[in-house]
Amino acid sequence: MYPVDFKPLTSSLYHDYITVGTIAYNQHYRHLWPEGNTATYIQNSFTKEVLIKEEGDENSELFVITLEDIIVGILKLSYEKALTNYRNNETLFLDKIYIKKEYTGKGIGKAALNFIATKAKTKLKKVVFLEAMQKGLALPFYIANGFSIVGTTQVPFNNVIEEEKPMYILLKEI
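Residues numbered from 1 in each chain as written. Predicted model: local features only at pLDDT ≥ 70, side-chain atom pairs only at ≥ 80, totals over all residues. Heavy atoms only, no water.

S.K.: Would you take a moment to explain the overall build of the chain for this structure?
M.R.: A tally of regular secondary structure across the chain gives five helices and seven strands. Tracing the chain from N to C terminus, the helices and strands come up as β-α-α-α-β-β-β-α-β-α-β-β. In summary, the chain has a C-alpha radius of gyration of 15 Å against a globular reference of 16 Å for 174 residues, a match within 12%. At a minimum sequence separation of 6, the contacts of the chain that also span at least 24 residues come to 64%. For the chain, the accessible area works out to roughly 9,200 Å², and carbon and sulfur atoms hold 50% of it. (Helix = DSSP H or I, 4+ residues; strand = E, 2+ residues; numbered from the N terminus. Rg over C-alpha atoms; globule rule 2.2 N^0.38 Å. Contact = heavy atoms within 4.5 Å. Areas by Shrake-Rupley, 256 points an atom, 1.4 Å probe, with all protein chains shown as cover.)

S.K.: For this particular structure, what's the right way to read the sheet that holds strand β2 (residues 60-67)?
M.R.: Sheet strands line up and pair through hydrogen bonds in the backbone, either parallel or antiparallel. The mixed open sheet is built from seven strands, whose spatial order is β1-β2-β3-β4-β5-β7-β6. The outermost strands of the open sheet, each flanked by one partner alone, are β1 (4-8) and β6 (148-154). Looking at each pair of strands side by side, their axes are set apart by 30° on average, direction ignored. Across eight bridges, β2 lies against strand β3 (residues 70-78) in antiparallel orientation. Within the sheet, the bridge partner assigned to Val 64 lies in β3 and is Ile 74. (Pairing = 2+ DSSP bridges. Axes fitted to C-alpha atoms, helices over the stretch in contact; angles between N-to-C directions.)

S.K.: Any chance you could explain the pairing of β2 here in plain terms?
M.R.: Look at any regular strand and the pattern is simple: side chains alternate between the two faces of the sheet. Along β2, seven of the eight residues are buried, which leaves the element largely enclosed by surrounding structure. When β1 meets β2, the two strands line up antiparallel, connected through five bridges. Within the sheet, the bridge partner assigned to Lys 7 lies in β2 and is Val 64. In sequence, β2 turns back onto β3 through a hairpin of two residues, with Glu 68 there showing a positive phi of about 50°. (Buried < 20%, exposed > 50% of the residue type's maximum accessible area, 1.4 Å probe, protein only.)

S.K.: Is there a simple way to think about the pattern of salt bridges in this case?
M.R.: Any two side chains of opposite charge can pair, so long as their charged atoms come close to each other. Under the defined criterion, the tally for this structure stands at eleven salt bridges. Across the salt bridge formed by Lys 125 and Glu 80, the nearest N and O atoms sit 3.7 Å from each other. Pair noted here: Lys 125 is in the loop between α4 (108-122) and β5 (127-133) and Glu 80 is in the loop between β3 and β4 (91-99), with a separation of 45 residues, a long-range link. Note on Lys 125: relative accessible area 8%, which makes it buried. One salt-bridge network, held together by shared partners, links Glu 54, Lys 76, Asp 95 and Lys 96. (Salt bridge = Lys/Arg side-chain N within 4 Å of Asp/Glu carboxyl O.)

S.K.: What's the story with the packing of aromatic side chains in this structure? I'm lost.
M.R.: Two measures describe an aromatic ring pair: the distance that separates the ring centres and the angle between the ring planes. Considering all chains together, one arrives at 15 aromatic pairs under this definition. Each ring, one from Tyr 25 and one from Tyr 98, has its centre 5.4 Å from the other, and the planes form 85°; the classification is edge-to-face. Taken as a pair, Tyr 25 in helix α1 (residues 14-29) and Tyr 98 in strand β4 lie far apart in primary sequence, 73 residues in all. Taken individually, Tyr 25 and Tyr 98 each receive the classification buried, so the pair is uniform in this respect. Aromatic side chains Trp 33 and Phe 157 sit 5.9 Å apart centroid to centroid with 45° between the ring planes, which places their arrangement in the tilted category. (Phe/Tyr/Trp six-rings, centres within 6.5 Å; stacked < 30°, edge-to-face > 60°.)

S.K.: Looking at this model, I keep getting lost on the nonpolar core. Mind explaining?
M.R.: One recurring pattern in soluble globular proteins is that nonpolar side chains are buried together. Core analysis: the biggest nonpolar cluster contains 27 residues, and Ile 65, Leu 75, Leu 94 and Tyr 142 have the highest contact counts within it. Of all the secondary structure elements, the ones that give two or more residues to this core are β1, β2, β3, β4, α4, β5 and α5 (138-144). It is α4 that contributes the most residues to this core, six residues altogether. The contact partners of Ile 65, leaving out residues within four places of it in the chain, are Val 4, Asp 5, Phe 6, Ile 70, Ile 71, Val 72, Gly 73, Ile 74, Leu 75, Ile 97, Ile 99 and Ile 108. (Core = buried A, V, L, I, M, F, W, Y, C linked by side-chain atoms within 4.5 Å.)

Spelled out as structure tokens, the structure:
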């Protein structure tokens with residue numbers, strides 16, 4: 001197992017977070033968008049302005065994921081997102097996790113889930129939840145790691161290809 005680390009986002013890492021997040025998102029999710037044009041998502045997720053706003057939110061944390069000091073992915077956690085049957089202070093929402101394709105299958109996702117579970121316990125959360133594409137390759141990974149499907153939702157952007165919008169809400173008790 002290679003040493004995986006989760007470095008809190010600082011302004012000196014904005015460029016890396018934006019670059020790696022954009023690359024990883026495009027590697028895995030271009031098929032959701034007409035003509036593979038992911039600009040809407042990138043503009044809403046991976047700009048300096050977005051990062052400044054997200055960093056100022058005391059209920060979220062952003063990280064770059066490193067493997068042997070190489071930045072291979074990004075992670076965003078939200079600590080006060082509502083979920084049916086749970087109070088906001090009981091939930092940790094895995095908002096974003098994107099790992100560059102060439103680094104998938106190397107235990108980084110599993111390390112991230114362990115890191116997230118530790119964060120959840122430290123913050124006295126009862127559950128971790130996330131949203132995953134119904135047709136996505138990540139779904140079996142989450143199920144194999146103890147998450148259960150508890151609901152449905154969809155990608156919130158109007159210009160995503162309609163049949164690609166469906167998502168599951170997945171939950172794991174901590």
